[in-house]
Structure formats: structure tokens, C-alpha cells
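# Fold and geometry: a report
Listed below, chain by chain, are the residues.
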Amino acid sequence: MAKVLVVAEHLGGKLNSATARCVSAAAALNPEAIDIVVLADDLAGVAAEAAQIAGVRTVRTVANPANAHPVAQVLAPQIAALAAGYSHVFGPSTTFGKDLMPCVAALLGVEQVSDLMAVEGSHVFKRPIYAGNAIVTVEMPAGSAVVATVRTASWPEAARGGSATVEAASVEAALPTHTRFVALAGASSDRPDLQSARRVVSGGRGVGSEENFRIIYSLADKLGAAVGASRAAVDAGYVPSDLQVGQTGKIIAPDLYIAVGISGAIQHLTGIKDAGTIVAINKDGDAPIFEIADIGLVGDLFQILPALEQALG
Amino acid sequence: MKILVAYKRVVDFNVRIQVKPDGSGVVTDGVKLSPNPFDDIALEEALRLRDKGVATEVVIATIAPADAQPHLRNGLAMGANRAIHVVADQPLAPLAAASALLKLVEREQPDLVLLGKQAIDDDANQTGQMLATLWGRPQATFASKLDVDGGKATVVREVDAGLETLEIDLPAVVTADLRLNEPRFIKLPDIMKAKSKPLETLALADLGSAAGPAPKITHYAPPAGRSRGVMVKDAAELVAALKQKGLV
Ligand SMILES: Cc1cc2nc3c(=O)[nH]c(=O)nc-3n(C[C@H](O)[C@H](O)[C@H](O)COP(=O)(O)OP(=O)(O)OC[C@H]3O[C@@H](n4cnc5c(N)ncnc54)[C@H](O)[C@@H]3O)c2cc1C
Ligand SMILES: Nc1ncnc2c1ncn2[C@@H]1O[C@H](COP(=O)(O)O)[C@@H](O)[C@H]1O
């Protein structure tokens, strides 16, 4: 029977919802147990939040000032030490998990499953390749531990209402000092978080400038939506990089995605394939985004967006 | 200072990938192959460090079948000093690739290893992290800015929460994100010059790198498609359609 260790992601004393999505993926294994490991400096709040995720047996905590910031080469040896006794170690396919989990896999001497979309068996999974243009079924070697990053857009958040035990774990691992955290320039805002928002309004190169992006923010505020962007909009400096949606940005699955002035390159579409409803607003009726949009509107975004806000009342 | 750049050949990013009807793979016959876009960025960064006088030598390495020589010539034309071709008939999974790269690192003793953050064929995003781990050295993934000063580097990383800055001791592994730089175009005279640059060929088996059992891909499928929906003529119709779906 499987035993799964899920690596918690957190920032500023708050658990990232990606963790509860990893628990859903873990539950798909029908495991004997799912434990969560929280590595932090001050971890009380995060551990308590993790303990509420339904289906979790134990939250194992490792408090250490060295864990104040998620430095992969510092966290990985601790996780690898704790991984003994588990058949699977899962982390989210966020930048945190992508940075960290391959280090854990390398320490355990196994290949990693990236972007796990579906569980077909204890060692058989589905994952996307070629920017999501092919889905492969991959069989990991029987008998070895499975390390995976979980594609968060493929899994719902596990329910709350659990009451796992929280216990401190002791780990013997030499931690390197060769990597030092300097700063995080957070784009922290009061807006909904792009990765968990139910509605997202994204702007592309068609928006034209940082100033013009105000109309994207304005529509997003009206809808209580998060703001996203295409790579072209980020490259042009209209918005910060953490708003990028796509193959190399964030993969999201909101109920409603409104793409404004975005052409619909495959690298962008791979980030929104799991959205409930996709709306496209573009002045070019032949833009590829219309091939996948549920609702399309051809026209000038500078006329349509104000009209849309008005029509929303 | 010496820089080693991992330079993978992949299906060009503009190619629309087709899954074979029998699910045995994707169609790669006759499709255009190009350097992995992130690896071009990694190489460009190495060349800029050499242009600035920080680095003295830039070595590119690829693990690929025997027909990948033109790919390496391309990197040499871009400006690398020399190339190492590890010949492998089959694609390697990331830990196997990282183990092979580690052998090159042990031979070459670079001060910095630059890789792409992910290869756009397998989209694994693992090799750099695994190499750093096996090597026991620092990693800074998803780099959008790199400053090397003495025995240290300061790296700005694109993370979900914004931009993170790390300071790392050298030698170290850095993986390139899209906004690190814009790769230069190759000029015709450089293509000629590249023909006489050193290109060393090694058999994967001779490297002596260890690789555990490989994952097996048992089936390829096209993604669940999304089909074309309806067109509306103005904002009012759009709002009506959204209301009908209960989305606003
Ligand atoms: C390795 C790699 C990874 C990549 N990763 C990503 C990624 O993660 N995310 C991503 O988004 N891209 C990514 N890209 C880039 C991708 O290929 C496209 O270049 C990019 O998505 C284009 O952005 P865009 O649609 O905003 O710009 P464009 O393609 O330039 O489209 C702009 C659109 O705006 C429309 N428009 C202009 N003015 C108006 C107006 N007034 N009203 C209405 N419509 C208007 C135009 O008709 C056009 O369709 C990647 C590329 C590579 C090579
Ligand atoms: N076969 C290979 N040859 C050269 N470099 C590679 C190879 N495989 C992976 N890499 C490097 O590792 C990076 C990440 O690849 P991946 O982990 O497969 O997404 C790539 O951008 C390359 O820099």
C-alpha cells in the first residue's frame, strides 16, 4: 500500500492552496496514509492549516531558521531524510515545487514525474509534454519511490475539516550555506491570487502599454477577478512576470478566463486548457484564440471593455 | 572563468506537434529541429559574460544522437569556443542526463554551468536541479538576471510570488528563464568560422555515468480538445451569454 508524503508550500505564514491539490492527487493512489511535511522557521499557523486538510494523517514539522526561505538545496536533504518509509513524495508544480522536487528525486536516486495530471496505478501516471500537445502515460520503475510534482490545475483542493496530528520531526541532514536568500520583491496585492482565482482577466500585447493595462485591472476589479497576461505583455514590461500565464508561466484553471488582445499561441493556450469557460476579445477574427474560445467577440478592446463594464452594471 | 552550457536539440517551438494515431509517439520525421529556446538564452548569457571579460571560455555540451553535429555547429557559430557531443541513440530522462552532465563537469571543472530551465519537448524542468544536487553545489533556477562577481553570483529568479534574489557561491548551476536576455542572431561569417572550432565526440557508454531504471512511456494521446464556441456581436450579448452560464 502506498504511503504519501506531501511537501507543503507556504509563504508569509500561510499555506498555499496548491498543497491541498497535492493531497487530492495523493488520495487518488488510495494510500494507506497521507502525511504533510512543513519546513519553516516559524510554522505554527501553517501546520495548523495543513492539519485541517481532510484525509491527512500526520503533519510533520521541521522548524529551523535555515528554513525561513525556501532554498531548494537546503530543504531537499531534509525531505529526502524524511522520505524513508514513504512510497511517494509529492510537491506542487509551482515554481516552489519545480525548483525543489527534482533535488529530492536526485537525492533518492530516482527520475521524477513532472506535472502529474492523472493517477492510473501506483507507478503509472499521465503527464503533458510538448506544451500540453501530447499527454503521455508513463510507467515509473516498480519498487522505487515515486517523486512527482502535481499539476495543480488538474486537481481540486481537498476539502477542509480534517484533524491530523501535528508532530515535530527530527532530521539529521547536513545543510549547505552556499546559497543565501537575499530578497523577495513580492508583487503582493489585494487582488485575488492568479493561481486560485475563479475568474481571471488576461491582457496581451494588444493592450499596448502599461498604462492601458488599467482597463484590464478595472474589468478584473468589477468581476472580482485576478489579472493575468501573455508572455508578450510581460516581455514588453506592461505587467510583472508573475502574471504570465502559459507553458512557462502559470497553468491555471479558473471557471472563467477572459483573454483580451491575446492571439492564442500554443504556449499561452497550454496554460488555460482547463479553464471552465474561455472568452476571447480580439480585433482579428482569424486569431487562433477563437478556435478554442467558448465565447468570442471580434472588435477593438478599447471600445469593448468599457462597454462590457457598463453592461455588467 | 570557464562556463559549461547544456545545449539540447528539440523540435522547434513553432511546430504543431501531432500524436501518431496508434499512440506510439509523436510525429518527428521531417519536423524542424532547433536548439531549445531556453538553452539559446543560457548560451547567450555565457557569451555576454565572456564579452564582459568575466568568463574566458564557453563550452557547449549536448547529449544526442550522432546526427546532432549541425546543432553543435550552430552553438559554435553563435560564439561558443568549443563543443562536446555525447552520443546517445535514445533520449535520456533528466536524472540520466544530469548524471552524464556531471561527468562532463568533473572533467571540465567549470565555474558556472548554465542550462535552460526546461526543455520544450519533455517539459520536465528537472535537469539543472538534479545536476546541482548530484554535484553538491548551489542552484539558482528560472534566472532572469545574473551578476557574477568574484567567487559569487547574484541571481534574480522569476518565482510565482514575484522576483526572488539569491546569492550563491561558485561553482554553481544556473537555469535560464525567458527574460534573462535575447539571444543574438548568427552571422554568415560566424557559420564559416564555426566549422574549424573544436568539437569533441564521446560515446555515452564511455562517460561511465550511472543511471537508474528509466521511466517507460507506454502511450501517447492528443490532449482533450476544446472546440470552437459561439461568437457574440457586442458587449451586451457577451454579458447575456455569461449570465446564462451563471458566470457573472
Ligand atoms: C519557449 C517559449 C515559451 C513561451 N511561453 C509562453 C507562456 O508561458 N505564455 C505566453 O503567453 N506565451 C509564451 N510564449 C510566447 C508565445 O509564443 C507568443 O509569442 C505570445 O503568447 C504572444 O502574446 P500575445 O498573444 O499577447 O501577442 P500577439 O501574438 O502579438 O497578439 C496580440 C493580439 O492582440 C490583438 N490586438 C491588437 N490590438 C488590439 C485591439 N485594439 N483590440 C483587440 N485586439 C487587439 C491582435 O489581433 C493579436 O491577436 C512562449 C514562447 C516560447 C518560444
Ligand atoms: N540531452 C541533453 N543535452 C543537453 N542538455 C540537456 C539535455 N537534457 C537536458 N538538458 C539541459 O537541461 C535543461 C532542462 O531540461 P529538462 O529537465 O529536460 O526540462 C535543458 O534546457 C538543457 O539545458
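Residues numbered from 1 in each chain as written. Chains lettered and ligands numbered in written order. Predicted model: local features only at pLDDT ≥ 70, side-chain atom pairs only at ≥ 80, totals over all residues. Heavy atoms only, no water.

Turning next to the domain arrangement of chain A. Residues and elements named next belong to chain A. What the domain assignment reports for chain A is domain 1 (3-168) and domain 2 (199-312). Taking only C-alpha atoms, the centre of domain 1 and the centre of domain 2 are 31 Å apart. With six residues of domain 1 at the interface, the matching set in domain 2 holds eight residues. When residues of domain 1 are sorted by the area they lose upon contact with domain 2, A131, R151 and A153 head the list and together hold 68% of the total. Here domain 1 is connected to domain 2 by one salt bridge. Of the charged contacts, one joins R151 and D274 as a salt bridge, the two residues approaching to 2.7 Å between their closest N and O atoms. Broken down by class, the residue content of the side of domain 1 that touches domain 2 amounts to two nonpolar, three polar and one charged. (Domains from an automatic or database assignment. Contact = heavy atoms within 4.5 Å. Buried area = accessible area lost by both parts, 1.4 Å probe. Salt bridge = Lys/Arg side-chain N within 4 Å of Asp/Glu carboxyl O. Nonpolar A, V, L, I, M, F, W, Y, C, P; charged D, E, K, R; others polar.)

This part takes up the site of ligand 2. All names here are of chain B. Close to ligand 2 lie 18 residues; D39, A119, N125, Q126 and T127 are nearest. Note that a nitrogen atom of ligand 2 is positioned 2.9 Å from one of the backbone N or O atoms of I63. The separation between an oxygen atom of ligand 2 and a polar main-chain atom of Q126 is 2.9 Å. Isolated, ligand 2 exposes 480 Å² of accessible area, and the fraction of that covered by the protein chains is 98%. Looking at the shell around ligand 2, the elements with two or more residues in it are β4 (57-64) and β6 (112-116). (Near = heavy atom within 4 Å. Polar contact = N/O pair within 3.5 Å; in protein donor to acceptor, adjacent residues only side chain to side chain. Areas by Shrake-Rupley, 256 points an atom, 1.4 Å probe, with all protein chains shown as cover. Helix = DSSP H or I, 4+ residues; strand = E, 2+ residues; numbered from the N terminus.)

Under the defined criterion, the tally for this structure stands at 31 salt bridges over all chains. Across the pair E167 of chain B and R180 of chain A runs a salt bridge, and its minimum N-O distance is 2.7 Å. With E167 of chain B in strand β9 (residues 162-169) and R180 of chain A in strand β13 (residues 179-186), this residue pair bridges two chains. Residue classification places E167 of chain B among the partly exposed positions, given a relative accessible area of 22%. We note a salt bridge from R82 of chain B to E108 of chain B, for which the minimum N-O separation is 2.6 Å. (Buried < 20%, exposed > 50% of the residue type's maximum accessible area, 1.4 Å probe, protein only.)

Next up on the list: the packing of aromatic side chains. Counting across every chain of the model gives two aromatic pairs over all chains. A connected cluster of aromatic rings, assembled from ring pairs, spans F213, Y217 and Y238 of chain A. (Phe/Tyr/Trp six-rings, centres within 6.5 Å; stacked < 30°, edge-to-face > 60°.)

Residue and element names in this part refer to chain A. As for its placement among the helices and strands, E32 is situated in the loop between α1 (18-27) and β4 (33-40). Distance in space between the C-alpha atoms of E32 and V104 is 22 Å, their sequence separation being 72 residues. Not counting chain neighbours up to four residues away, the residues in contact with E32 comprise M1, A2 and K3.

Time to look at the environment of T165 of chain A. Residue and element names in this part refer to chain A. Among the structural elements, T165 can be located in strand β12 (residues 165-168). You can call T165 partly exposed: its relative accessible area is 47%. Each C-alpha atom of the pair T165 and E210 lies 48 Å from the other, and the pair is 45 residues apart in sequence. Apart from the residues lying within four places of it in its own chain, the contact partners of T165 are R57, T58 and V59.

Here we take up the pairing of strand β16 (residues 256-260) of chain A. Residue and element names in this part refer to chain A. With five of five residues buried, β16 lies mostly within the body of the structure. Burial along β16 is two-sided: L256, I258 and V260 and Y257 and A259, pointing in opposite directions, are all buried. Looking at chain direction, strand β14 (residues 199-203) and β16 are connected through five bridges and run parallel. The residue of β16 that forms the bridge with G203 is V260. Alignment of β16 against strand β17 (residues 277-282), held across five bridges, turns out to be parallel. Its bridge partner lying in β17, V260 is registered against I281. (Pairing = 2+ DSSP bridges.)

In this section: the interface of chain A and chain B. Contacts between the two partners involve 84 residues from chain A and, on the opposite side, 78 residues from chain B. Both sides of the chain A and chain B interface together cover about 6700 Å² of buried area, and 56% of this is carbon and sulfur. On the chain A side of the contact with chain B, E111, Y130 and R180 of chain A bury the most area, a combined 11% of that side's loss. There are five salt bridges connecting chain A and chain B. Between R157 of chain B and D99 of chain A there is a salt bridge whose closest N-O contact spans 3.5 Å. By residue class, the composition of the side of chain A that touches chain B is 45 nonpolar, 22 polar and 17 charged. Where strand β10 (residues 134-139) of chain A and strand β12 (residues 216-221) of chain B come together, five bridges link them in antiparallel fashion. Its bridge partner being in β12 of chain B, I135 of chain A is matched across the sheet by A221 of chain B.

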